[in-house]
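Listed here are the chains, written in short residue letters.
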Amino acid sequence: MSLYDDAVLVLKGYEDQPELRQSYLDHLAARPDGMWKACDAGHLTASALVVDPEHGRVLLTLHRKLRMWLQMGGHCEPGDATLEAAALREAAEESGIAGLTLLPGGPVRLDRHPIPAPCHWHYDVQYAVLAPPGAVQEISDESLDLRWYAYDEVAGVADESVVRLLEATRARL
């Protein structure tokens, strides 16, 4: 099964946000290249909020280009077999944490947001991953900083999309 096929199946099985979910499916139906960064009309991305439920905190990255505190995530790559694998890979690469595990149940949220030209949209499929006990982060080239934030601190540093992702993640936990 291709990553494209996996994305369609994942989205068809996702029960929340029906109108937004349908826009993702419509995008993929109209654009066979809609998984890839080269698709100027927009493309799917996979992200993951790194959560440490034992300590009531999340790890956020200060994105190098955007200079915003965000969850880990980014573009799908040809080696990604599934959206889950892409999200887990991105989380591990950007956090430097080995042993992350996906929160069961598939995507936590969808978030479509505009990005600078030449592309126009990111159709982000958002997951949550659990940090193992004693996890130690390591800053990647894509980050200016990595920092753990208590759940109640996130709204003070991150935008609404991250806050909504955290709320949905906590509801699933």
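Residues numbered from 1 in each chain as written. Predicted model: local features only at pLDDT ≥ 70, side-chain atom pairs only at ≥ 80, totals over all residues. Heavy atoms only, no water.

Over its 13 residues, helix 3 (residues 83-95) extends 18 Å from the first C-alpha to the last, a length consistent with the 18 Å expected when each residue adds 1.5 Å. When we look at burial in helix 3, the residues that qualify are Leu83, Ala86, Ala87, Arg89, Glu90, Ala91, Glu94 and Ser95. Looking at the packing, one finds that the buried side of helix 3 touches helix 1 (3-13), strand 1 (43-52), strand 2 (57-63), strand 4 (72-75), strand 7 (121-130) and strand 8 (143-150). Two residues or fewer past helix 3, glycine 96 is found with a positive phi of approximately 75°. (Helix = DSSP H or I, 4+ residues; strand = E, 2+ residues; numbered from the N terminus. Expected span 1.5 Å × (residues − 1). Buried < 20%, exposed > 50% of the residue type's maximum accessible area, 1.4 Å probe, protein only. Contact = heavy atoms within 4.5 Å.)

Before going further, it helps to examine the environment of valine 58. Take valine 58: it is sitting in strand 2. With 68 residues separating them in the primary sequence, valine 58 and glutamine 126 have C-alpha atoms 14 Å apart. Valine 58 has contacts with Leu49, Val50, Val51, Arg147, Trp148, Tyr149, Tyr151, Val154 and Leu166, leaving out every residue within four places of it along the chain.

Right, let's talk about the pairing of strand 2 for a bit. Of all seven residues in strand 2, five are buried; the element is thus mostly enclosed. Where strand 1 meets strand 2, three bridges bridge the pair, whose relative direction is antiparallel. Paired with valine 51 across the bridge in strand 2 is valine 58. Hairpin connection, strand 1 to strand 2: the antiparallel pair is bridged by four residues, and glycine 56 has positive phi, about 60°. Where strand 2 meets strand 8, seven bridges bridge the pair, whose relative direction is antiparallel. Paired with leucine 60 across the bridge in strand 8 is arginine 147. (Pairing = 2+ DSSP bridges.)

Applying the stated criterion to the full structure yields seven salt bridges. Of the charged contacts in the structure, one is a salt bridge between glutamate 90 and arginine 89, with a shortest N-O distance of 3.1 Å. Under the relative-accessibility criterion, arginine 89 is labelled buried at 16%. Arginine 164 is the partner of aspartate 111 in a salt bridge, and the nearest nitrogen-oxygen pair spans 3.6 Å. Residue aspartate 111 is located in strand 6 (residues 109-114), and its partner arginine 164 is located in helix 5 (residues 160-172); the two are separated by 53 residues in the primary sequence. According to the relative accessible area criterion, aspartate 111 is buried, its value standing at 9%. Taken together, the shared-partner salt bridges connect Glu77, Asp80, Arg89, Glu90 and Glu93 into one network. (Salt bridge = Lys/Arg side-chain N within 4 Å of Asp/Glu carboxyl O.)

Phi is positive for glutamine 17, close to 45°, though the residue is something other than glycine. Within the secondary structure, glutamine 17 is located in the loop between helix 1 and helix 2 (18-30). Despite not being glycine, arginine 67 has its phi angle at roughly 55°, a positive value. Along the polypeptide, arginine 67 turns up in the loop between strand 2 and strand 3 (69-70).

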